Amino acid sequence: MSLRPVSRRAVAGILAAVAATTAVACDSSGPQPAQRSSTPPQPVPSFEKQACGIRRAYLRRTVHGYFGPRSGQIAILPDQPAYMASGAGGWSHSGPWPYLQDIPLVFYGPGIIKSHPEVDRPVTMADVAPTLARLMGNEAFKPEDGQVLDEVIASGGRRVSKSPKLILTVVWDGGGWNMLDLRDDSWPNLERLMAKGVSYTNATDGSNPSVTPAVHTTLGTGEWPWKHGITGVPMRDESGEVVDSFLKGESSHFIQVPALAEQWDEANDNRALIGMVGYEPWHLGMIGKGAERPGGDRDHAGWLDIDTNEWITNPDYYELPTALPEAPGLEQNLQELDAADGQVDGAWRDKAILDDPTRLEETPAWIRYHTRGMLDMIEQEGYGQDRITDLVFTNYKQIDRVGHYFNMVSPLVDDALVTTDEMLKVITDGLDQEVGKGEWVLVVTADHGQQPDAEAIDGYGISPREIEADIRAEFGDVVRAVWPTEVFLLEDAMEQEGVTVDEIARFLGDYRLEDNTTDDTVLESGAGVFEPADKLFDMVIPAEMLETVRCS
């Protein structure tokens, strides 16, 4: 069913799930089973050899994702198929590898964008913003990193003849190709848009860490994290403290460059309508700072208080559209979901969460409710009603959220995907009605793929908590946190202990499976393809090297 070329690499890191057994198969571009190695331990290469020993694409993406004042002091890349497990349990998805980087990217706009054969040349998330700018007739927005995608702009050999009244950008959180290709029959509406629009089948995030705040800000600004400054979920602030990248909605001031939405709004005396409907403040990078930016205004933005599932915003800098909290039908959607398996028991499949108000946002019922509220916002606030192009950005989080909890092969992920795909038809019909046929453009993409379970790929989920404990045992209380591709250190404590970043990086460069576990079975027999004495990392270097490393 997939429209992607059969010849495209055997589906980078793609997993083929056998429904009853959830068995998984991978190819050479993703985590994969392999024969055990009996090679004796080797000395740790120099930092430069480690950096230049990984694939150039992986190094380039890691360089793009590094911003010195915000990133961790040590950059790490596990040796596939090992990966850094989530510290709180579950599965992380941060890395430069194709199975996490490969994403769909589709531009669809009947009457504005001409259908084009699939494009398989490499493009990245940074190319979205400059392409939207050109569609809008905005010649002033020219980011350094992103490029205009000519296949979208050209129509029958000519440039688009008119600008859309509205551009809606939809992000399927966690909806990368390795998740989609597990379920070829679950996204017919996305396939339809691919066939009738312009679909880039070799699109990637382009930066590492491949996490929601960083990638969404790249989408909004057309720049990599090395310029826009949002490097991950946690970042270092001006004092060196590790904080949430959007301060849990209190501020977007870490964004270093203007988003397309900000620049366009200001160029039109704040008459353009700008909106973001999301799950959390991490999506604000798509629209920028709102009134927090000098000259900006309070753009529409809504996200969830995930403890109460109430729509909220930061009223100092954004406005919460009344259409979101007033959207009807959630209770009916929950009842329909409850009854879908033939039993009315307060459960979604076998998960008894429908009576828990703190869990409702994870469900397909919320996907429908979200869509209804967003379309109501477009109608009530007057989006697409004049010739100044308005911009709406939205994130559907459920595919990712459920994948974190239950892994990507869970049937709950499929439920979320099917419903999210169904909403594409609801959205296109709604835009025809509210904005007008031939007057709007829809962009559909994802921010990353998902991590298969270690057992399915003969791999190993590295415990970040054990690494933190081992660093403390070796050097003292000098580590703040270990994340999937970076380590945050306490520089004042390091100075007191007389410890350097280089010393900790060398220690981790020789870190082995047997160091990361107390499980007797693993200590004796290994895990997956890893023997107890096998090193777990391909690269561990002082992160500041990423600014200067040059490989022949």
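Residues numbered from 1 in each chain as written. Predicted model: local features only at pLDDT ≥ 70, side-chain atom pairs only at ≥ 80, totals over all residues. Heavy atoms only, no water.

Student: How do you make sense of helix 4 (residues 128-135) when you look at a structure like this?
Tutor: In an α-helix, one turn spans 3.6 residues, which is why side chains three or four residues apart end up on the same side. Along helix 4, 7 of the 8 residues are buried, which leaves the element largely enclosed by surrounding structure. Here helix 4 has its buried residues at Val128, Ala129, Pro130, Thr131, Leu132, Ala133 and Leu135. Count one or two residues on from helix 4 and you reach Gly137, which has phi positive near 80°. (Buried < 20%, exposed > 50% of the residue type's maximum accessible area, 1.4 Å probe, protein only. Helix = DSSP H or I, 4+ residues; strand = E, 2+ residues; numbered from the N terminus.)

Student: Would you mind showing me how to read the state of the cysteines here?
Tutor: Linking two cysteines covalently via their sulfur atoms produces the bond known as a disulfide. Counted by the stated rule, this structure contains 1 disulfide. For Cys52, the disulfide goes to Cys551, at an S-S distance of 1.9 Å. On the S-S bond that ties Cys52 to Cys551, the torsion sits near -85°, and the link is left-handed. Of this pair, Cys52 sits in helix 1 (residues 47-53) while Cys551 sits in the segment after strand 22 (537-542); the two residues are 499 residues apart in sequence, bridging distant segments of the chain. (Disulfide = S-S within 2.5 Å.)

Student: Looking at this structure, I do not really get empty space enclosed by the protein. What am I missing?
Tutor: To locate leftover empty space, one rolls a probe as large as a water molecule over the atoms. Enumeration over the complete set of coordinates arrives at 4 cavities of 30 Å³ or more. Within this model, the largest cavity holds a volume of roughly 90 Å³. Residue lining of the largest cavity: 13 residues in total, with Thr62, Ala75, Thr485, Glu486 and Leu546 positioned closest to the centre. Space inside the second largest cavity adds up to approximately 50 Å³. Around the second largest cavity sit Trp91, Ser92, His93, Asp400, Gly403, His404, Asn407, Met408, Gln450 and Gln451, which together line it. (1 Å grid on protein atoms, 1.4 Å probe; cavity = no way out; pocket = protein on both sides within 12 Å on 5 of 7 lines; lining within 4 Å. Points joined across faces, edges and corners; volume = space filled by probe spheres on them.)

Student: I keep staring at the packing of aromatic side chains and nothing clicks. Help me out?
Tutor: Each aromatic ring pair is characterised by the separation of its centres together with the angle its planes make. In total, this model carries 11 aromatic pairs according to the counting rule given. Their ring planes at 70° and their centres at 5.7 Å tell us that Trp177 and Trp187 sit as a pair that is edge-to-face. Of the two residues, Trp177 is situated in helix 6 (residues 177-180) and Trp187 in the loop between helix 6 and helix 7 (188-196); the sequence distance between them amounts to 10 residues. You'll find Trp177 and Trp187 in the same group, each marked buried. Following the ring pairs from residue to residue traces out a cluster consisting of Phe475, Phe507, Tyr511 and Phe537. (Phe/Tyr/Trp six-rings, centres within 6.5 Å; stacked < 30°, edge-to-face > 60°.)

Student: How do you make sense of the sheet that holds strand 1 (residues 74-78) when you look at a structure like this?
Tutor: An order of 20-21-1-22 is seen for the 4 strands of this open sheet, with the pairing classed as antiparallel. At either margin of the open sheet sits one strand with a lone partner, and together these are strand 20 (479-483) and strand 22. Each adjacent strand pair in this sheet contributes to an overall mean axis angle of 15°, direction not counted. Bridge analysis of strand 20 against strand 21 (residues 486-489) gives 4 bridges, and the strand direction is antiparallel. Bridged to Val482 within strand 21 is Val487. Running over the sheet, helix 17 (residues 501-509) touches strand 1, strand 21 and strand 22 and is turned about 175° from strand 22. (Pairing = 2+ DSSP bridges. Axes fitted to C-alpha atoms, helices over the stretch in contact; angles between N-to-C directions. Contact = heavy atoms within 4.5 Å.)

Student: Honestly, the environment of Ala203 in this entry has me stumped. Any pointers?
Tutor: On the secondary structure map, Ala203 appears in strand 10 (residues 203-204). Classification of Ala203 by relative accessible area gives buried; the value is 0%. For the pair Ala203 and Pro213, spaced 10 residues apart in the sequence, the C-alpha separation amounts to 18 Å. Dropping the residues within four chain positions of it, Ala203 is found in contact with Gln101, Asp102, Ile103, Leu105 and Val123.

Student: How do you make sense of the sheet that holds strand 3 (residues 102-103) when you look at a structure like this?
Tutor: Two orientations exist for strands paired in a sheet by backbone hydrogen bonds: parallel and antiparallel. One open sheet accounts for 3 strands, arranged 3-10-5; its pairing is mixed. The sheet terminates laterally at strand 3 and strand 5 (123-124), the two strands that pair on one side only.

Student: Is there a simple way to explain the layout of surface pockets in this structure?
Tutor: The space that makes up the largest pocket amounts to roughly 1,200 Å³. For the lining of the largest pocket, the element with the highest residue contribution is helix 13 (residues 398-406), accounting for 4 residues. Residues that form the lining of the largest pocket fall into these classes: 21 nonpolar, 14 polar and 11 charged. (Nonpolar A, V, L, I, M, F, W, Y, C, P; charged D, E, K, R; others polar.)

Student: Whenever I open this one, the nonpolar core confuses me. Can you help?
Tutor: The nonpolar side chains of a soluble globular protein tend to be buried, and buried together. Core analysis: the biggest nonpolar cluster contains 107 residues, and Trp172, Tyr200 and Ile378 have the highest contact counts within it. Listed in part, the 49 residues of the second largest apolar core include Ala51, Ile74, Ile467 and Phe530. (Core = buried A, V, L, I, M, F, W, Y, C linked by side-chain atoms within 4.5 Å.)

Student: Explanation requested: unusual backbone geometry in the structure shown.
Tutor: A negative phi angle characterises most non-glycine residues, just as the trans form characterises most peptide bonds. Looking along the chain, the bond that leaves Gln80 and enters Pro81 is cis, with omega of 5°. Here Pro81 lies in the loop between strand 1 and strand 2 (82-84). A cis amide bond links Asn208 with the next residue in sequence, Pro209, at an omega value of 15°. In this structure, Pro209 sits in the loop between strand 10 and helix 8 (212-221). Phi at Asn270 takes a positive value of approximately 60°, unusual for a residue other than glycine. Residue position: Asn270 is located in the loop between helix 10 (260-267) and strand 13 (274-277).

Student: Before we go on, may I ask you to explain the pattern of salt bridges in this structure?
Tutor: Counted by the stated rule, this structure contains 24 salt bridges. For Glu151, the salt bridge goes to Arg121, with nearest N and O atoms at 2.9 Å. Separated by 30 residues along the polypeptide, Glu151 in helix 5 (residues 150-153) and Arg121 in the loop between strand 4 (105-108) and strand 5 bring together distant segments of the chain. Judged by its relative accessible area of 33%, Arg121 falls in the partly exposed class. Between Glu144 and Lys227 there is a salt bridge, and its shortest N-O distance comes to 3.6 Å. A residue pair is termed long-range when its members are at least 10 positions apart, and Glu144 in the loop between helix 4 and helix 5 and Lys227 in helix 9 (residues 225-228) qualify at 83 residues. Judged by relative accessible area, which is 61%, Glu144 ranks as exposed. (Salt bridge = Lys/Arg side-chain N within 4 Å of Asp/Glu carboxyl O.)

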